[in-house]
Every structure is written in C-alpha cells, then in structure tokens.
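Architecture at a glance
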Amino acid sequence: VVDKDITQANISMNQPFVKRPHVDYYPAAVASFILGGGSFTSRLMNRVRSDEGLAYSVYSSVGNDYRDTAMTTIALQTKVESVDFALKLIFEEVEKLAKDGPSEEELAQAKKALIESLPSLFDSPSSTAIIFAKGELLGKSDDHYLDYVKEINAVTADQVKVMISKYFDKNKMTISIVGPVARLEALKPFTVVPLDSLEFRN
C-alpha cells in the first residue's frame, strides 16, 4: 500500500505471465477477455460496475512481450470504503470462471471480438509498415496474423478454466493499492511503501 490521502483507491493486481512466443498466450488472451478485457461484456465489469456500482472501470489484461516476462493484470479505481468488498467480488468471479468455465456464448463472443479487432491494426500504410517491421525484429513469421486467427478460434472452454486458475491466482498476485493506510485496516497484513521512495518517470 502506498499511503496517500485520497477518496478513490487505485488498485492493481499483477502476476508474472509468459514471454512470447508461448503456447499459453492465445488461450490466456481469450480467458482474460471473458474475465475483464471485454469492456461491458466482461464478467468483472458486469459484477463490479453494473451490479454493484463500485467502479467506473475495472479490467483484466495479459501482457504481450517478446523480450521479457509479461504480467497479467486486474485493475480498478473504487471508493476507499469499497476496496475490501470490490476485491472480494473480483476474486469470486475469478474463482467462478476457473471452476465452471465460460458459456458457449461468452467463448464465441470473445473469439469474435479479438479476431475482429485485427483490421484496426492495419488502418494506414504507415501502421502496416511499422507492424511488419517490428514483427521482423521480433522474429514473427509472415503468417503471424493468419496464425493468430487460427489460434484464437482453437481455444476451448477447458483451456479458459486452466488459464484463469494459472495466471489470475490471488495467492500469486501482488496487490498494489494507493490510498489512505488508516482506512484500509480490513486488508491487513500489508506492507506500506512510502510515497517519496517511489521512482516517478515522465
């Protein structure tokens, strides 16, 4: 916890993920979309924002890194007095998805959304040139984006369950909170990190 006298606590939960290329990347991307990456269709948004009104935005993501180990993330901003309840709801949704898996509709919707987002990457000649230049530097194959579609379409409900259990495990996540320490007693034990000890970058 970083002690700061604010009314809205900023929360970020992170766990080491994978360095690409890795077989877990595509099923984890689909799993995260269902959990919290799919904006208003995601489980976290429906439960934490729509049902309980605890946050304007809550999301999950899986990192995409070819040079180093990436991270999985769940993040939100909520009122200080709602932190404990919001965390409880988030991990309930994580556990439910890990145990029961997604519905057929959720799985299909996630695949469709991820695949249909691809063309936006190539919205101009310069964007296209940059993407393929970076791909060359990272060693991506010429068929990378064709393979992306195949890999996403091949993800199963059982794989989603495994990825959520493996990479969104509350026992392995580091939970970082910026907020007033005196009002976060229910979360103890935690380590207080002095604000002036943090490195800020422009």
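Note that the coordinates shown come from a computational prediction; the quantities given were computed from them, not determined experimentally.

Cut-offs and rules
- Residues numbered from 1 in each chain as written.
- Predicted model: local features only at pLDDT ≥ 70, side-chain atom pairs only at ≥ 80, totals over all residues.
- Heavy atoms only, no water.
- Buried < 20%, exposed > 50% of the residue type's maximum accessible area, 1.4 Å probe, protein only.
- Helix = DSSP H or I, 4+ residues; strand = E, 2+ residues; numbered from the N terminus.
- Arc of directions from axis to C-beta.
- Contact = heavy atoms within 4.5 Å.
- Salt bridge = Lys/Arg side-chain N within 4 Å of Asp/Glu carboxyl O.
- Phe/Tyr/Trp six-rings, centres within 6.5 Å; stacked < 30°, edge-to-face > 60°.
- Lys NZ or Arg CZ within 6 Å of the ring centre and 35° of its normal.

On to helix α7 (residues 157-167), then. Burial in α7 covers these residues: Val160, Met163, Ile164 and Tyr167. Across the axial projection of α7, the buried residues extend over an arc of 100°, all falling on one side. The inward-facing, buried residues of α7 abut β2 (8-16), α1 (25-37), β4 (71-79), α3 (83-100) and α4 (104-116).

Attention now moves to the pattern of salt bridges. Tallied over the entire structure, the rule returns 12 salt bridges. Close ionic contact of glutamate 106 with arginine 43 constitutes a salt bridge, the shortest N to O distance being 2.8 Å. Taken together, the residues glutamate 106 in helix α4 and arginine 43 in helix α2 (residues 43-51) connect sequence positions 63 residues apart. A relative accessible area of 18% places glutamate 106 in the buried class. Classification of arginine 43 by relative accessible area gives buried; the value is 14%.

Topologically, lysine 140 is positioned in the loop between α5 (125-138) and α6 (144-154). Discounting residues that sit within four places of it in the chain, lysine 140 has contacts with Tyr66, Gly135 and Tyr145.

To continue, consider the packing of aromatic side chains. Scanning the model with the defined rule gives seven aromatic pairs in all. Consider the rings of tyrosine 26 and tyrosine 148, whose centres lie 5.6 Å apart with planes at 80°: the pair is edge-to-face. Remark: tyrosine 148 occurs in helix α6 and tyrosine 26 occurs in helix α1; sequence separation between them is 122 residues. Like tyrosine 26, the residue tyrosine 148 is buried in the burial classification. Aromatic rings pair up to connect Phe17, Tyr25, Tyr26, Tyr148 and Tyr167 into one cluster. Geometry around tyrosine 25 places arginine 20 over its ring, the cationic atom sitting 3.8 Å from the centre.

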